Amino acid sequence: MTTRRWQLAHGRYLDLGPKAVVVGILNVTPDSFSDGGLFIAPEKALEQARRMVKEGAAVIDVGGESTRPGFAPISAEEEQARVLPVIAALAASGEALISVDTYREETARLGVAAGAHIVNDVWGLQREPGIARVAAETGAGLVIMHTGRERQKLPDVIEDQFLFLRKSLEIARAGKVADSQIVLDAGFGFAKETAEENLDLMARFSELQALGYPLMAGTSRKRFIGNATGREPAERAAGTAATSVILRLKGADLFRVHDVAINVDALAVTDAMLQRETELPPGH
């Protein structure tokens, strides 16, 4: 499997390809859909981050505003008050790479200054295009996510991915972001309103490799997993791990999850099988 080096801020990088990379979700919010309020206190957030690192997360993704359906927007100042102390404390400990989950240019800039290595934008640069400039100036890794919110989507799930992400990539290039900084995220659950739409996206995920960038999968505890399993959000770890395995086989490089340990193990077995597959003689 080809190795691609993902360029990050502060002179860091991640090699993507041969081994799946797990990104631990750290929501310092009172209202996220499955863990709202659990880690709003900085000491609780740091405790959870360290737990996820111990379980195998290579990156901790820190978010201060819920993005669940029907979320209540907050001010940039409130978002920054939530995330910046946690990012600074994590950076001081040096225990993991850090991602700041924001669509605001100012929060992205302050987050990287506080020690974040990656900016994760759920609006794919199309809410505040200045995030591209932040990435270019700081060398931060940039996750560009697809969303169907606040626009008319194309009926074909992959055609809509290409439509949206190609526009986002144009913004990134105009902002002088290097290709080596970019990872794409298909945005499971973000205005993919039905279980069928999310399952279709998962079934056809490998088609996104045509865009030419590493891919992140963010299915963790999503509603379509609950539809398949009948389980509530906090009980969807095994279902999430199943989607991680499927998406790894279809070309995903990074996996953004709440439940780190079970996904690390599931992906380790998947990677072992993929490696063994390359070692088998032809015809076997």
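Residues numbered from 1 in each chain as written. Predicted model: local features only at pLDDT ≥ 70, side-chain atom pairs only at ≥ 80, totals over all residues. Heavy atoms only, no water.

**Q** Provide a residue-level description of the overall build of the chain, including the pertinent values.
**A** Of regular secondary structure, the chain possesses 9 helices and 10 strands. What you see for the chain is a C-alpha radius of gyration of 18 Å, in line with the 19 Å of a compact globule of 284 residues. In the chain, which comprises 284 residues, the share counted as buried stands at 55%. Within the chain, contacts between residues separated by at least 24 positions form 68% of all contacts whose residues are at least 6 apart in sequence. With an accessible surface of roughly 12,200 Å², the chain has 53% of that area assigned to carbon and sulfur atoms. (Helix = DSSP H or I, 4+ residues; strand = E, 2+ residues; numbered from the N terminus. Rg over C-alpha atoms; globule rule 2.2 N^0.38 Å. Buried < 20%, exposed > 50% of the residue type's maximum accessible area, 1.4 Å probe, protein only. Contact = heavy atoms within 4.5 Å. Areas by Shrake-Rupley, 256 points an atom, 1.4 Å probe, with all protein chains shown as cover.)

**Q** So what's going on with helix α8 (residues 237-249)? Which residues, and what values?
**A** A rise of 1.5 Å per residue sets the reference length of α8, with its 13 residues, at 18 Å; its end C-alpha atoms lie 19 Å apart and thus fit the reference within 8%. The complete set of buried residues in α8 reads Ala237, Gly239, Thr240, Ala241, Thr243, Ser244, Leu247 and Arg248. Summarising the contacts, the buried residues of α8 are in contact with α6 (195-203), β9 (215-217), α7 (223-229), β10 (254-257) and α9 (260-279). A positive phi of about 110° marks Gly251, the residue just after α8. (Expected span 1.5 Å × (residues − 1).)

**Q** Requested: an account of the sheet that holds strand β3 (residues 21-27), with residues and values cited.
**A** The strand order β3-β4-β5-β6-β7-β8-β9-β10 describes a closed barrel built from 8 strands, whose pairing is parallel. Averaged over all adjacent pairs, the angle separating strand axes in this sheet is 25°, with direction ignored. Two elements, strand β7 (residues 141-145) and strand β8 (residues 182-185), share 4 bridges in a ladder whose sense is parallel. Paired with Ile144 across the two strands is Leu184, which belongs to β8. Across the sheet, helix α1 (residues 42-55) is in contact with β3 and β4 (59-63); its angle to β3 comes to roughly 165°. (Pairing = 2+ DSSP bridges. Axes fitted to C-alpha atoms, helices over the stretch in contact; angles between N-to-C directions.)

**Q** I'd like a rundown of the pairing of β7, residues and numbers included.
**A** Summarising burial for β7: 5 of the 5 residues are buried, a large majority. Both faces of β7 are covered, namely the face carrying Gly141, Val143 and Met145 and the face carrying Leu142 and Ile144. Summarising the sheet, strand β6 (residues 118-121) and β7 pair through 4 bridges and their orientation is parallel. Each residue of the ladder has a partner; that of Asn120, found in β7, is Val143. Crossover handedness for the path β6 to helix α4 (residues 130-138) to β7: right-handed. A crossover links β7 with its parallel partner β8, the connecting element being helix α5 (residues 157-174), and its sense is right-handed. (Right-handed = clockwise from strand over helix to strand, strands pointing away.)

**Q** If you had to explain the nonpolar core to someone new, which residues and values would you point to?
**A** Ranked by size, the top nonpolar core spans 62 residues in total, and within it Leu26, Ile60, Val62, Leu90, Ile144 and Leu184 carry the most contacts. Looking at this core element by element, the count peaks at 8 residues for α5. Setting aside residues up to four positions removed in sequence, Leu184 forms contacts with Ile144, Leu165, Leu169, Leu211, Tyr213, Pro214, Leu215 and Met216. Ranked by size, the runner-up nonpolar core spans 13 residues in total, among them Leu14, Leu16, Val23 and Leu97. (Core = buried A, V, L, I, M, F, W, Y, C linked by side-chain atoms within 4.5 Å.)

**Q** Describe in detail the packing of aromatic side chains, supporting the description with residues and values.
**A** A complete count under the given rule lists 2 aromatic pairs for this structure. Taking 6.2 Å as the distance between ring centres and 20° as the angle between the ring planes, the aromatic pair formed by Phe188 and Phe205 counts as stacked. Separated by 17 residues along the polypeptide, Phe188 in the loop between β8 and α6 and Phe205 in the loop between α6 and β9 bring together distant segments of the chain. Accessibility classification places Phe188 together with Phe205 in one group, the buried group. Taking 6.0 Å as the distance between ring centres and 25° as the angle between the ring planes, the aromatic pair formed by Phe188 and Phe224 counts as stacked. (Phe/Tyr/Trp six-rings, centres within 6.5 Å; stacked < 30°, edge-to-face > 60°.)

**Q** How would you summarise the side chain of Arg82 if you had to cite specific residues and measurements?
**A** Position of Arg82 among the secondary structure elements: in helix α2 (residues 76-93). On the basis of relative accessibility, which here comes to 16%, the residue Arg82 falls in the buried class.

**Q** I'd love a proper account of the confidence of the model for the chain, names of residues and values included.
**A** Taken residue by residue, the chain gives an average pLDDT of 93. The fraction at 70 or more is 94%. Throughout residues 31-37 the model reports pLDDT below 50, and contacts reaching past four residues in sequence, or to other chains, amount to 24 contacts. (pLDDT = per-residue confidence, 0-100.)

**Q** An account of the environment of Asp265 is needed here, citing residue identities and associated values.
**A** You can see Asp265 is positioned in helix α9. Classification of Asp265 by relative accessible area gives exposed; the value is 53%. In sequence terms Asp265 and Glu55 are 210 residues apart; their C-alpha atoms lie 9.5 Å from each other.

**Q** Explain the pairing of strand β1 (residues 4-7) to me, and be specific about the residues and the numbers.
**A** Pairing analysis gives 4 bridges linking β1 to strand β2 (residues 13-16), with the strands arranged antiparallel. Looking at the pairing, Arg4 lines up with Leu16 of β2. Two successive antiparallel strands, β1 and β2, enclose a turn made up of 5 residues, where His10 displays a positive phi of approximately 60°.

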